[in-house]
Amino acid sequence: MTGTNSESFPLPADSPEPLVRRRTDGDLDACVRVLAEVHHRDGYPVNWPERPGAWLSDGPVLGTWVAELDGRLAGHISLSREGGGDVAPVVWSGRSGAERGRAAVVGRLFVAPWARGRRIGALLIGRAVAEADRHGLHPVLDVVASDTAAAALYERLGWELLDTVEQRWSPGQTVTIRCYAAPARPFPTSPSTRPEPPGFPDPR
């Protein structure tokens, strides 16, 4: 599940460019602090996890990345193989005719409120998509329908809305989910041997 917000905040004109890099163990506390800010401001995640650090790392993870801006942690994203609660991989497989297991799930996407307006969400998504490409997988994601800012971002980036479904999270909670897939393009039939780039500058 992903979330972000397109609201921008003024930053100095001479601010450095954001940088995306692999998340390390030393980043986790800062990630949890930023996630708490996002949850308080935007309601993402919808239900605050009992162990947020573990929540950021659970599942069959292929990679996790953070964005830095002016030396501060500004955003986070993960890429995973299909998990038990993911809807988009199932919908994409049915629509595309691809066998199950050929999708990679983009999730745990959030950007610090103070760092918005610098295309950090798009930058993080680009890094996750590149990693999916290296593994020969097609990126998909689920987002709660109430997160209209996140949905608008994905659609601006060309992601395709596959379906809108109701998902039961608990006996007392049913949530509407929008399922997206990255723009269709050729993918390798086996994982790429290309080296991973050390970091991505902010696209302009």
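Everything here concerns the structure above.
Thresholds applied
Residues numbered from 1 in each chain as written. Predicted model: local features only at pLDDT ≥ 70, side-chain atom pairs only at ≥ 80, totals over all residues. Heavy atoms only, no water. Salt bridge = Lys/Arg side-chain N within 4 Å of Asp/Glu carboxyl O. Helix = DSSP H or I, 4+ residues; strand = E, 2+ residues; numbered from the N terminus. Buried < 20%, exposed > 50% of the residue type's maximum accessible area, 1.4 Å probe, protein only. Core = buried A, V, L, I, M, F, W, Y, C linked by side-chain atoms within 4.5 Å. Contact = heavy atoms within 4.5 Å.

Undergrad: When you look at the pattern of salt bridges in this model, what are you seeing that I'm missing?
TA: Oppositely charged side chains can form a pair if their charged atoms are brought close together. Counted under the stated rule, the structure contains 10 salt bridges. Linking Arg-21 and Glu-68 is a salt bridge whose minimum nitrogen-to-oxygen distance equals 2.8 Å. Here Arg-21, found in strand S1 (residues 19-22), pairs with Glu-68, found in strand S2 (residues 61-69); they are 47 residues apart in sequence, far enough to count as distant. On the accessibility criterion, Glu-68 (26% relative accessible area) is partly exposed. A salt bridge links Arg-100 to Glu-82, with the nearest nitrogen and oxygen atoms 2.2 Å apart.

Undergrad: Sorry, what's going on with the nonpolar core here?
TA: The tendency in soluble globular proteins is for nonpolar side chains to be buried side by side. In this structure, Ile-77, Leu-79, Ile-120, Leu-124, Ile-125, Tyr-154 and Trp-159 are the most contacted members of the largest nonpolar core, which totals 42 residues. If you list the elements that add at least two residues to this core, you get helix H1 (28-42), S2, strand S3 (72-81), strand S4 (103-111), helix H4 (120-134), strand S5 (138-144) and helix H5 (148-156). At seven residues, H4 tops the list of elements feeding residues into this core. If you look at the next biggest cluster of nonpolar residues, it comprises 14 residues, including Val-87, Val-91, Trp-92 and Val-175.

Undergrad: Can you help me understand helix H3 (residues 88-96) in this one?
TA: One full turn of an α-helix is made of 3.6 residues, so residues set three or four places apart face in the same direction. Taken as a whole, H3 has its buried residues at Ala-88, Pro-89, Val-91, Trp-92 and Ser-93. For H3, the secondary structure elements touched by its buried residues are S4, S5, strand S6 (160-170) and strand S7 (173-181). Of the residues one or two after H3, Gly-97 is the one with positive phi, at around 80 degrees.

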